[in-house]
Amino acid sequence: MEAAATPKRELSGEKAQRIVDAMRATVGERGATGATFDVVAREAGVSRGLLHYYFGSKEKLLAEVARRECDLRMERLSAGTAGAAGAGELLASMAQSLRDMLDEAPEFLAILLELHTLGRRNADIGAELSELHRRVRGHLGGILAEAQEAGVVTLGAEPEVVAEVLFSLADGLGMRMLAEPERDFEPTLRAALRAAAALVT
């Protein structure tokens, strides 16, 4: 597929952020199927050709949105966990990070789900998704390793293994919280924290 194989060119600055924000907002309003280049270009106030030039395909743009959102979430996670006095505080900050993400950018999970589906039949997207998971797993693994070295927590497995379990728990809960927005998930989150405490003590 020629479009999917088009190399992504570097696009930085305000225009790039407008495009990324427009794609994220459009997915939230119309779903991934409705987030066409025509719609996104109109929302971003740029030409459709510019999107094609820099991203090549809608799938590549979705991957860029996911990368940027992950970078933002990892920065906030680092800030939220900094100075945690123990496992309880560290895990509570991670739970708050999930709440914040669902409040601020619920469409992010929809984009990730779409990329997982696309990655099963598009090797380029699959590779980008694998790299994205590697980066966030390594980031949280680093936070956990530093906390363990500082004597703040004790981990029940290797840092990146624990990170993978925690992300899997958060992703699954996030999907369910999006599906039932009227439901009170606080008891579920408290139970999830108790489960996580088996690996982070």
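Above this text sits the structure in question.
Attention here is on the structure that accompanies the text. Here the structure is a predicted model, which is why all the values come from computation and not from measurement.

## Points about the overall build of the protein chain
Reasoning step 1: Helix and strand content of the protein chain: 10 helices and zero strands.
Reasoning step 2: Counted from the first residue to the last, the protein chain has its helices and strands arranged as α-α-α-α-α-α-α-α-α-α.
Reasoning step 3: For 201 residues, the compact-globule estimate of 2.2 N^0.38 gives 17 Å, and the protein chain sits close to it at 18 Å.
Reasoning step 4: Taken along its principal axes, the extent of the C-alpha atoms in the protein chain is 55 × 35 × 30 Å.
Reasoning step 5: The buried share among the 201 residues of the protein chain stands at 43%.
Reasoning step 6: In the protein chain, 67% of the contacts between residues at least 6 apart in sequence involve partners at least 24 apart.
Reasoning step 7: On the protein chain, the mean spot of the 24 positive side-chain charges and the mean spot of the 31 negative ones are 4 Å from each other.

## Points about the packing of helix H5 (residues 58–81) against helix H7 (residues 107–119)
Reasoning step 1: Running from N to C, H5 and H7 cross one another at 130°; their axes reach a closest spacing of 10 Å. Taken as axis vectors, H5 and H7 run oblique relative to one another. Relative to H7, H5 is oriented so that their crossing is left-handed. Taken together, the residues of H7 that come into contact with H5 (itself represented by Glu59, Leu62, Ala63, Val65, Ala66, Glu69 and Cys70) are Phe108, Ile111, Leu112, Glu114, Leu115 and Leu118.
Reasoning step 2: Split by residue class, the contact of H5 with H7 holds 10 nonpolar, no polar and three charged.

## Considerations on the packing of aromatic side chains
Reasoning step 1: As enumerated under the stated definition, the model contains one aromatic pair in all.
Reasoning step 2: Seen from their ring centres, Tyr53 and Tyr54 are 4.9 Å apart, and the 85° between their planes marks the pair as edge-to-face.
Reasoning step 3: On the accessibility criterion, Tyr54 (18% relative accessible area) is buried.
Reasoning step 4: Across from the ring centre of Phe185, 4.4 Å away, lies the NZ or CZ of Arg183, which sits over that ring.

## Observations concerning the pattern of salt bridges
Reasoning step 1: Inspection of every chain in the model, using the stated rule, returns 16 salt bridges.
Reasoning step 2: The residue Arg68 makes a salt bridge to Glu64 at a minimum N-O spacing of 2.7 Å. Residue Arg68 and its partner Glu64 are both found in helix H5; the two are separated by four residues, about one turn of the helix.
Reasoning step 3: Residues Arg67 and Glu128 are paired through a salt bridge, measuring 2.5 Å at the closest nitrogen-oxygen approach. On the criterion of sequence distance, the pair formed by Arg67 in helix H5 and Glu128 in helix H8 (residues 123–149) is long-range, its members being 61 residues apart.
Reasoning step 4: Under the relative-accessibility criterion, Glu128 is labelled partly exposed at 21%.

## Considerations on the nonpolar core
Reasoning step 1: Among the nonpolar cores identified, the biggest contains 59 residues, and Leu61, Leu115, Leu140, Leu144 and Leu166 are the most heavily contacted of them.
Reasoning step 2: For Leu115, the contacting residues outside a window of four places in its chain are Glu59, Leu62, Ala63, Ala66, Ile125 and Leu129.

About the criteria used
- Residues numbered from 1 in each chain as written.
- Predicted model: local features only at pLDDT ≥ 70, side-chain atom pairs only at ≥ 80, totals over all residues.
- Heavy atoms only, no water.
- Helix = DSSP H or I, 4+ residues; strand = E, 2+ residues; numbered from the N terminus.
- Rg over C-alpha atoms; globule rule 2.2 N^0.38 Å.
- Buried < 20%, exposed > 50% of the residue type's maximum accessible area, 1.4 Å probe, protein only.
- Contact = heavy atoms within 4.5 Å.
- Lys, Arg positive; Asp, Glu negative; His and termini not counted.
- Charge placed at Lys NZ, Arg CZ, Asp CG, Glu CD.
- Axes fitted to C-alpha atoms, helices over the stretch in contact; angles between N-to-C directions.
- Parallel < 35°, antiparallel > 145°, perpendicular 65-115°, else oblique.
- Left-handed = near helix turned anticlockwise from the far one by under 90°.
- Nonpolar A, V, L, I, M, F, W, Y, C, P; charged D, E, K, R; others polar.
- Phe/Tyr/Trp six-rings, centres within 6.5 Å; stacked < 30°, edge-to-face > 60°.
- Lys NZ or Arg CZ within 6 Å of the ring centre and 35° of its normal.
- Salt bridge = Lys/Arg side-chain N within 4 Å of Asp/Glu carboxyl O.
- Core = buried A, V, L, I, M, F, W, Y, C linked by side-chain atoms within 4.5 Å.

In short, the description is geometric, and any link to function would need to be established separately.
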